[in-house]
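Chain residues, written in single-letter form:
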6 protein chains.
Amino acid sequence: MNITNADRARILVHALPYIRKYTGKIIVVKYGGSAMQSEKLKDSVVRDIVLLSLVGIKVVLVHGGGPEITEMLKKVGKESKFVNGLRVTDKETVEIVQMVLAGKVNKSLVNIIQNNGGKAMGLSGIDGHMIEADFRDIELGYVGEITQLNVQPILDVIDKGYIPVISTIGCDRKGNILNINADTAAAKIAGELSAETLISMTDTSGILADKDDPSTLITKIDINDIPGLIEKGIISGGMIPKVECCSEALRGGVNQVVIIDGRTPHSILIETLTDEGIGTMFTKDRSQT
Amino acid sequence: MNITNADRARILVHALPYIRKYTGKIIVVKYGGSAMQSEKLKDSVVRDIVLLSLVGIKVVLVHGGGPEITEMLKKVGKESKFVNGLRVTDKETVEIVQMVLAGKVNKSLVNIIQNNGGKAMGLSGIDGHMIEADFRDIELGYVGEITQLNVQPILDVIDKGYIPVISTIGCDRKGNILNINADTAAAKIAGELSAETLISMTDTSGILADKDDPSTLITKIDINDIPGLIEKGIISGGMIPKVECCSEALRGGVNQVVIIDGRTPHSILIETLTDEGIGTMFTKDRSQT
Amino acid sequence: MNITNADRARILVHALPYIRKYTGKIIVVKYGGSAMQSEKLKDSVVRDIVLLSLVGIKVVLVHGGGPEITEMLKKVGKESKFVNGLRVTDKETVEIVQMVLAGKVNKSLVNIIQNNGGKAMGLSGIDGHMIEADFRDIELGYVGEITQLNVQPILDVIDKGYIPVISTIGCDRKGNILNINADTAAAKIAGELSAETLISMTDTSGILADKDDPSTLITKIDINDIPGLIEKGIISGGMIPKVECCSEALRGGVNQVVIIDGRTPHSILIETLTDEGIGTMFTKDRSQT
Amino acid sequence: MNITNADRARILVHALPYIRKYTGKIIVVKYGGSAMQSEKLKDSVVRDIVLLSLVGIKVVLVHGGGPEITEMLKKVGKESKFVNGLRVTDKETVEIVQMVLAGKVNKSLVNIIQNNGGKAMGLSGIDGHMIEADFRDIELGYVGEITQLNVQPILDVIDKGYIPVISTIGCDRKGNILNINADTAAAKIAGELSAETLISMTDTSGILADKDDPSTLITKIDINDIPGLIEKGIISGGMIPKVECCSEALRGGVNQVVIIDGRTPHSILIETLTDEGIGTMFTKDRSQT
Amino acid sequence: MNITNADRARILVHALPYIRKYTGKIIVVKYGGSAMQSEKLKDSVVRDIVLLSLVGIKVVLVHGGGPEITEMLKKVGKESKFVNGLRVTDKETVEIVQMVLAGKVNKSLVNIIQNNGGKAMGLSGIDGHMIEADFRDIELGYVGEITQLNVQPILDVIDKGYIPVISTIGCDRKGNILNINADTAAAKIAGELSAETLISMTDTSGILADKDDPSTLITKIDINDIPGLIEKGIISGGMIPKVECCSEALRGGVNQVVIIDGRTPHSILIETLTDEGIGTMFTKDRSQT
Amino acid sequence: MNITNADRARILVHALPYIRKYTGKIIVVKYGGSAMQSEKLKDSVVRDIVLLSLVGIKVVLVHGGGPEITEMLKKVGKESKFVNGLRVTDKETVEIVQMVLAGKVNKSLVNIIQNNGGKAMGLSGIDGHMIEADFRDIELGYVGEITQLNVQPILDVIDKGYIPVISTIGCDRKGNILNINADTAAAKIAGELSAETLISMTDTSGILADKDDPSTLITKIDINDIPGLIEKGIISGGMIPKVECCSEALRGGVNQVVIIDGRTPHSILIETLTDEGIGTMFTKDRSQT
């Protein structure tokens, strides 16, 4: 690429209206999948987040960590059982989950953000009892359903100038720690914070009209059209619960939800600060789109 | 130019360390010359300033307005006399100066900044008696030399979130309003504000070792080398007082002063947010460069 | 006058209940006419304003400048055309208006206030895009009608301890600058600020029952009685639009509007801090008078 | 007196520079003597104080109460013994002192200030343990000498917008309550608060060169000249301790101390807001006078 | 008693849930009776209050002073007349009341609190015109009925970190000072402050089902049951007005009102920080008990 | 134990002077050893901390976690090598350390504090890059020596009302995460925070003059006497580095350091809020003891 600094300046200037749109607002990023596995992509995500943070956008990072958990369980010789695609989580497993999410993934993310010039603080649903939950299904074990979300710790951390990085474990009233689905938590957090945008990073390029043809990407979906799209099989499989989280976030007060392809470098920045928009955006009201 | 959004994102990310460097700091821009005459260049300057402001940099704009003053004097049938290259400013002339600077140029700049999404407030040296001055030379008439600079009004306006746009007229203790050289005022203001950078826009590409060969641009000059460069004639003519203002700003506490070519679009952004740097930078200490 | 200091003390004490009434409240003064032409009267107005400001009243000064504009137009050899008593304002004229109001009159007022111990900052409707307007009538040219009034810049300036001095020029969305009637602007500003009082300085002693007999001054008029007084011809000519501004201010939330005689020295102080009251006061509700 | 409102306005304007001088500063008024015995004079003092408070001056009122104490002691059939002109204060007497000062005089003053539109809070040296003291002389009984002055309660009350009204009783470390001389306490309080002025109200017109000729009032005395004036007998009798308090206040950081005649109505206002000045002013440095 | 420090620690820990319950909340203590007559009990009450204050509870102390008033009246040879059990209060009497309450009792309490490590400021209903009142009954003389309660002075004093100690005298619009019943005032103050608890100290162990058998203490009474208990004679005599104050406080917004036995040392602490609860608690709603 | 509520009240009152001493000050608790292994002792420690926090003391909890780390290493089949008693920490081991400390121990402590009514937030040396470190000894692997301590994140968390719970892992400039000795970190943190007290919990009853006789506990040691005690063998073995941390904390600005026996329930509370004091206190200056 042969781009002059004059080009660079023009490009920065083109970002102006987008920066203005988001400045002072909250963007919740649900971070997981490939974007978290590749060091290069992780680096690209972190830089995007630090840049957004520097231009005055309040970014909240909610991360998962499935593969790291699986790897650690393997290490301790623990096999994962699944019921309906959900990991059965016994006492020992949830301890591993807690350690991997809040100890390893969370602090490592904080570390990379700091090394890229951001200011970050890692939180879990335990800190300030942010995520209160109940056992969801006795068969699944220590898997929680959020009963009360207290976003004050997130606001406190933002107020002190940090990017909050959040592990989605929760606690019940008896002292148990429970594993919480990160997509669900991110959607609820975004709603409770009245975030401007929830960006959900996935390993797909978004919702495709023809799942085998990336050129059939649906760029905008109204919340009311979701049931139809599920019926037609356009939204299917593992995408269904993700899309349901999108709906919930929109109903909870988030302005827009975007599913973007975490495999594309700088996908967050492309989505927020350029005129392209990538992935599929969900909105609540046709009149707003 | 065929630049993808992925390129754009990368370019934005490359601006990261520069944004970090300046965020929360003050940049004083002395704005004048060609960059103020051409509508297109004016637009490019204003967008640069609004962008810097949006990414958390505190920009203070100090403007001149020589050509507009000359034009207005012509309109009222007033001929300008010059003594040693300085305009003799009688009572009627200084009123025109006041009107053109604080009324026309200032408010028009504020208007364009606002139209580009910035938030600006126009100030003159009269507001809050920011610039107190004395007659400099009886022969020159209402031309002032700064005796006291009170930057509180600038800080107040910054604190309320506006970009201060400053006309350099001053007042003496007897109620007279005096014309103040904009380069001098900008240098003093930058010093008093302990600005990170003073950017002075000129109609040259900077200091050239061979004035006829633009490729001989000197990109960095230590304050101690200035006398030698004047002696050798490398800094000469109208550039001498400008460079002396640069020296004064550095001595007054500004970290670096840059003379940039106002004829290049987005020269402010190129200077501040890219790795190029354009024009000539003056610094105080070889060890710091 | 042979007044002892004991008398002086008693007089100061008599001002007590009036100071208490206004302390912490906003008084908008529409300043124009003779009171602005005579240096002595100008001095008296400014001292009144500084005193009110010192005793804790928030004064907002909105000024006109018709005669200065006419004089300047004359200087540049521009003749003023009038349509229905309103100046036709072409592009060149509005530039003169902008310069005279925001550059000359405004900054000169700020200068005098500062010289009398007040702290002032000059604003125009352009700063912070305070006054947004549209062309009022294509025939009249650059004459604007207020479409949106944003008083935040006024509040910001008050909050920082300055007396805001306001030139009534406005801007439209295309970047044009428009001339705005100062009476109308002052009324809207007073309304938007929920001012306690709007004081409008005129060159008459108020509304006279018999216009040739100053002893027939009507000291208080209820807003509902205005149409009747117009019908009877008691309010007539140039006073009609002024009185309509009064009505609008009252409807907009101002508690009382007073038309005072700017030709009387210290008329503002007499109106606000003594038991006399001069001129004609307009109020909204008979039950309040 | 036939004074027009125009005169009134001019008089208010003449107070401008004096208001400016004191605004935001602290004036401590030591209140006692005739000015406290006559209801009319009390009313005049209170109005002066409320006016000063309304124009932004922080007034601290320190009061005595000798005659009320004597009267109450008489009522309970207690005779006062004096040693060197100082009342011997036994346990029962100091209880009467405490009740009369902090209960009767203090609250009655607060009541009158409030009824005149001021906002006042009564304090004693006990509240927040403002005045810590020790027995001064065993023979005198419960008479204290200030050992530590903690002005925080005064500042707290000022900060909340009240005029502090202070009774000068103090406490020792063993729980005893002691009578404190009001002149001494006022001087120390003024010093500790770095008051601009301490005004001490007396029953004389000030220091007279010839004590029988009121026209020989000495209007200004430098602190260094006091010993000489005492030697010459010009300062004598009960005035000596008063003047020593003045000296101490000046040395403690007060800018000027004035002894004024409490028998003159509005003497406080005449002293502070007019060009007359009444009584005798003490200053620290000839060069400052 | 042989209590180890380990026991002490456990006891402190047991206070934890009670401290948590009250922390940051307001407790109004109506202080009078035996608890105010015995030095030892006074000491115990003050220590309780200082401790509550140190653990973050905002205590407001409202005191009476009947016996001290009676004693002082005796000293000045004034006999008290009573009408229906209420003291007839002439001008001279109310002055004694004012002196004893605001001068003696109030300041002495403040002194003891300070000596026990608390920070206190004494207030009366006169300060900041906190208690406005009217003559209640012409026959009773200077006895007031509260017409307006302005708790701002209390909040101001709390905000500055002091324990407010309040004498219940009030003022009318004509400048009269009136005696106010302390039980009534405490109830109103607690209501206006939305206190968590009003603790009323009496000389009984609470409401007894059989007034001769202390073991029949009724520990909790719903506000709706009060009329029935009065009818049955269980609440009778001087307890009736006290209980009516409790009702008023509950209706005014206080969460719970407790009548405790001031003769028991540390009864306030036992009531608030232990699981015992002493005396009789009044609550508004059976469902809450 | 047969302790009445009256006893309880008296005991609470006895804690008064101790609460006063610490209120608003910082106590750093280094938590580890037995006190962390037994659930009952953990509960007792947490309650102590919550109580201190409720009475206005700012507690900072720094925890270790050696046994949990060893256990986890065992689970993943990793054997620990030791060099001079220090664990050799390879890349895989430090990841386990990070997970166990920041993920398991930290969040579990936060959870228990919250369940006991405290408000806690877990931090590690990574958050806000609080602990910057360098490799200490290449042979030991990922074991760090603190190079820079940035306590701002701790202060931010305290300022928002949380008890900071800190895992002592650090980071170097290359992105490595390093294991940091908890005793050293706690000492440095206490110093940097100018803590009033550093409480270090151990599994001994303190320094014994005769190590086999608990009755020979030395209750106070001056910092200058430490070398002598080491020489005499009274301080020996694993206690030496602990005591050196105490010295460093004292030199760093901590007022007093106490080594207490974590095996005694409520030892923190006994040390801080009773007159006993347990364990050995270290102070800097004989004159202060």
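Cut-offs used in this document
- All residue numbers here refer to positions counted from 1 along the written sequence of the relevant chain.
- The naming scheme follows written order: chains are lettered A onward, ligands numbered 1 onward.
- A pLDDT threshold of at least 70 governs which residues receive local features in this predicted model, and a stricter bar of 80 or more applies before side-chain atom pairs are shown or counted, although totals over entire chains, interfaces and linings include all residues.
- The secondary structure listing takes helices from DSSP runs of H or I that are at least 4 residues long and strands from runs of E that are at least 2 residues long, numbered from the N terminus.
- Every radius of gyration here is taken over C-alpha atoms, with the globule rule written as 2.2 Å times N^0.38, N being the number of residues.
- Partly exposed residues are those falling between the two cut-offs: more than 12 but fewer than 20 other C-beta atoms within 10 Å of their own, whereas 20 or more means buried and 12 or fewer means exposed, with C-beta atoms placed from the backbone.
- Placing a C-beta atom from the backbone of each residue, one calls two residues in contact when those atoms lie within 7 Å.
- The criterion for strand pairing is that DSSP finds at least two bridges linking the strands in question.
- Axes, fitted as lines to C-alpha atoms, cover a helix only where it is in contact. Angles between the N-to-C directions of the axes lie from 0 to 180 degrees.
- Least-squares fitting of one copy onto the other uses the C-alpha atoms of those residues that reach a pLDDT of at least 70 in both copies.
- Residues are grouped as follows: Ala, Val, Leu, Ile, Met, Phe, Trp, Tyr, Cys and Pro are nonpolar; Asp, Glu, Lys and Arg are charged; all remaining types, including Gly, are polar.
- Convention used here: angles under 35 degrees read as roughly parallel, angles over 145 as roughly antiparallel, angles from 65 to 115 as roughly perpendicular, and any remaining angle as oblique.
- The handedness criterion is simple: a crossing whose near helix is rotated anticlockwise from the far helix by less than a right angle is left-handed, and one whose near helix is rotated clockwise is right-handed.
- Values of pLDDT, which run from 0 to 100, indicate the predictor's confidence residue by residue.

1. A few points about the overall build of chain A
Next, step 1: Counting its regular elements, chain A contains eleven helices and 14 strands.
Next, step 2: For 289 residues, the compact-globule estimate of 2.2 N^0.38 gives 19 Å, and the C-alpha radius of gyration of chain A, at 19 Å, lies within 12% of that figure.
Next, step 3: Its C-alpha atoms put chain A at 60 × 45 × 35 Å along the principal axes.
Next, step 4: In chain A, which comprises 289 residues, the proportion classed as buried is 53%.
Next, step 5: In chain A, of all internal contacts separated by at least 6 residues, the share reaching a separation of at least 24 is 72%.

2. With respect to the sheet that holds strand 2 (residues 58-63) of chain E
Residue and element names in this part refer to chain E.
Next, step 1: The strand order across the open sheet formed by eight strands is 5-8-2-1-11-13-14-12, and the pairing between neighbours is mixed. The sheet is open, and its two edges are formed by strand 5 (120-124) and strand 12 (220-222), each paired on a single side. Neighbour-to-neighbour, the strand axes of the sheet open up by a mean angle of 20°, direction not taken into account.
Next, step 2: Strands in contact with helix 4 (residues 39-54) are strand 1 (26-31), strand 2 and strand 8 (163-167); relative to strand 2, the strand with the most contacts, it is inclined by about 150°.
Next, step 3: Sheet contacts for helix 6 (residues 91-115): strand 2, strand 5 and strand 8; angle to strand 5, the most-contacted strand, approximately 165°.

3. Brief notes about the relation of the copies chain F and chain E
Next, step 1: It takes a turn of 180° to lay chain F on chain E, together with a shift of 0.1 Å along the axis; the resulting RMSD is 0.1 Å. Such a turn and shift between the copies fits a two-fold axis. Taking C-alpha positions as reference, the residue of chain F nearest the rotation axis is Val-55 of chain F, located at 2.1 Å.
Next, step 2: The residues that chain F uses at the interface reappear at the interface of chain E in 100% of cases, marking a shared surface.

4. Considering the environment of Asp-90 of chain F
All names here are of chain F.
Next, step 1: Mapped onto the secondary structure, Asp-90 falls in the loop between strand 4 (86-87) and helix 5 (91-115).
Next, step 2: On a C-alpha basis, the gap between Asp-90 and Val-143 in space is 8.9 Å, while along the polypeptide they are 53 residues apart.
Next, step 3: In this structure Asp-90 touches Gly-141 and Tyr-142, once residues within four positions along its chain are discounted.

5. A few points about the pairing of strand 13 (residues 256-261) of chain D
Residues and elements named next belong to chain D.
Next, step 1: Of all the six residues making up strand 13, five are buried; the element is thus mostly covered by neighbouring parts of the structure.
Next, step 2: As paired elements, strand 11 (residues 197-202) and strand 13 share six bridges and run parallel to each other. Among the inter-strand pairings, Ser-200 is bridged to a residue of strand 13, identified as Ile-259.
Next, step 3: Across three bridges, strand 13 lies against strand 14 (residues 280-283) in antiparallel orientation. Looking across to strand 14, one finds that Val-258 is bridged to Met-281.

6. Digging into the interface of chain A and chain F
Quoted interface sizes are often the accessible area lost when the parts come together.
Next, step 1: The interface is formed by 30 residues belonging to chain A together with 30 residues belonging to chain F.
Next, step 2: Mapped onto the side of chain A that touches chain F, the elements with two or more residues apiece are helix 6 (91-115), strand 5 (120-124) and helix 7 (152-159) of chain A.
Next, step 3: For the side of chain A that touches chain F, the leading source of residues is helix 6 of chain A, giving 13 residues.

7. With respect to the environment of Ile-207 of chain B
Residue and element names in this part refer to chain B.
Next, step 1: With respect to the element layout, Ile-207 can be found in the loop between strand 11 (197-202) and strand 12 (220-222).
Next, step 2: Along the sequence, Ile-207 and Asn-179 sit 28 residues apart, while their C-alpha atoms lie 28 Å from each other.
Next, step 3: Here Ile-207 is in contact with Ile-218, Ile-221, Ile-234, Ile-235 and Thr-280, once residues within four sequence places are set aside.

8. Focus: the relation of the copies chain A and chain F
Next, step 1: For the match of chain A to chain F, the screw axis carries a shift of 0.0 Å, the RMSD comes to 0.0 Å, and the turn is 180°.
Next, step 2: Take the interface residues of chain A: 100% of them recur as interface residues in chain F, which is what a same-surface contact looks like.

9. Remarks on the sheet that holds strand 8 (residues 163-167) of chain D
Residue and element names in this part refer to chain D.
Next, step 1: Across the sheet, which stays open at both edges, the eight strands sit in the order 5-8-2-1-11-13-14-12 with mixed pairing between neighbours. Every other strand in the sheet has two partners, leaving strand 5 (120-124) and strand 12 (220-222) as the edge strands with one partner each. Taken pair by pair, the neighbouring strands of this sheet meet at an average axis angle of 20°, ignoring direction.

10. Notes on the interface of chain F and chain E
Next, step 1: Residue-level contacts link 31 residues of chain F with 31 residues of chain E.
Next, step 2: Put simply, the parts of the chain that give the side of chain F that touches chain E at least two residues each are helix 1 (5-22), helix 3 (39-54) and helix 10 (267-273) of chain F.
Next, step 3: Broken down by element, the side of chain F that touches chain E gets its largest block of residues, 14 residues, from helix 1 of chain F.
Next, step 4: Residue composition of the side of chain F that touches chain E, by class: 19 nonpolar, six polar and six charged.

11. Some points on helix 1 (residues 5-14) of chain E
Next, step 1: For helix 1 of chain E, the full list of buried residues reads Asn-5, Arg-8, Ala-9, Arg-10, Ile-11 and Leu-12 of chain E.
Next, step 2: Against helix 1, helix 3 and helix 10 of chain F lie the buried residues of helix 1 of chain E.

12. Considerations on the packing of helix 5 (residues 66-75) of chain E against helix 6 of chain E
Residue and element names in this part refer to chain E.
Next, step 1: Running from N to C, helix 5 and helix 6 cross one another at 125°; their axes reach a closest spacing of 9 Å. Taken together, the axes of helix 5 and helix 6 lie oblique to each other. The crossing of helix 5 and helix 6 is right-handed. Residues Glu-68, Ile-69, Met-72 and Leu-73 of helix 5 pack against Thr-93, Ile-96, Val-97, Val-100, Lys-104 and Val-105 of helix 6.
Next, step 2: Residue composition of the contact of helix 5 with helix 6, grouped by class: seven nonpolar, one polar and two charged.

13. Focus: the confidence of the model for chain A
Interpreting fine coordinate detail is not advised for predicted regions of low pLDDT.
Next, step 1: Per-residue confidence for chain A gives a mean pLDDT of 91, with 98% of residues at or over 70.
Next, step 2: Across the interfaces of the predicted complex, the ipTM metric reaches 0.93, alongside a pTM of 0.87.

14. Considerations on helix 8 (residues 182-192) of chain C
Residues and elements named next belong to chain C.
Next, step 1: Among the eleven residues in helix 8, ten count as buried, and that is most of the element.
Next, step 2: Among all positions of helix 8, only Ala-182, Asp-183, Thr-184, Ala-185, Ala-186, Ala-187, Lys-188, Ile-189, Ala-190 and Gly-191 are buried.
Next, step 3: Where helix 8 is buried, its residues meet strand 1 (26-31), strand 2 (58-63), strand 6 (131-135), strand 7 (144-149), strand 11 (197-202) and helix 10 (239-252).
Next, step 4: Two residues or fewer after helix 8 comes Ser-194, characterised by a positive phi angle close to 50°.

15. A few points about the packing of helix 1 of chain E against helix 1 of chain F
Next, step 1: Close contact between helix 1 of chain E and helix 1 of chain F brings their axes to 9 Å; oriented N to C, the two are set at 95°. Here helix 1 of chain E is positioned roughly perpendicular relative to helix 1 of chain F, judged by the angle of their axes. The segment helix 1 of chain E lies against helix 1 of chain F, with Arg-8, Ile-11 and Leu-12 of chain E engaging Arg-8, Ile-11, Leu-12 and Ala-15 of chain F.
Next, step 2: In terms of residue class, the contact of helix 1 of chain E with helix 1 of chain F is built from five nonpolar, no polar and two charged.

16. Structural notes on unusual backbone geometry
Next, step 1: In this model, His-266 of chain B sits at a positive phi of 55°, which is unusual for a non-glycine residue.
Next, step 2: Along the polypeptide, His-266 of chain B turns up in the loop between strand 13 (256-261) and helix 10 (267-273).
Next, step 3: Classification of His-266 of chain B by C-beta neighbours within 10 Å gives buried; the count is 24.
Next, step 4: Even without glycine at this site, His-129 of chain F takes up a positive phi of about 40°.

17. So, the environment of Ile-126 of chain B
Next, step 1: Tracing the backbone through its elements, the reader meets Ile-126 of chain B in the loop between strand 5 (120-124) and strand 6 (131-135).
Next, step 2: Taking the C-beta count within 10 Å as the criterion, Ile-126 of chain B has 28 such neighbours and is therefore assigned buried.
Next, step 3: With 100 residues separating them in the primary sequence, Ile-126 of chain B and Ile-26 of chain B have C-alpha atoms 22 Å apart.
Next, step 4: Filtering out sequence-adjacent residues up to four positions away, Ile-126 of chain B remains in contact with Ile-169, Cys-171 and Ile-177 of chain B together with Lys-107, Val-110 and Asn-111 of chain C.

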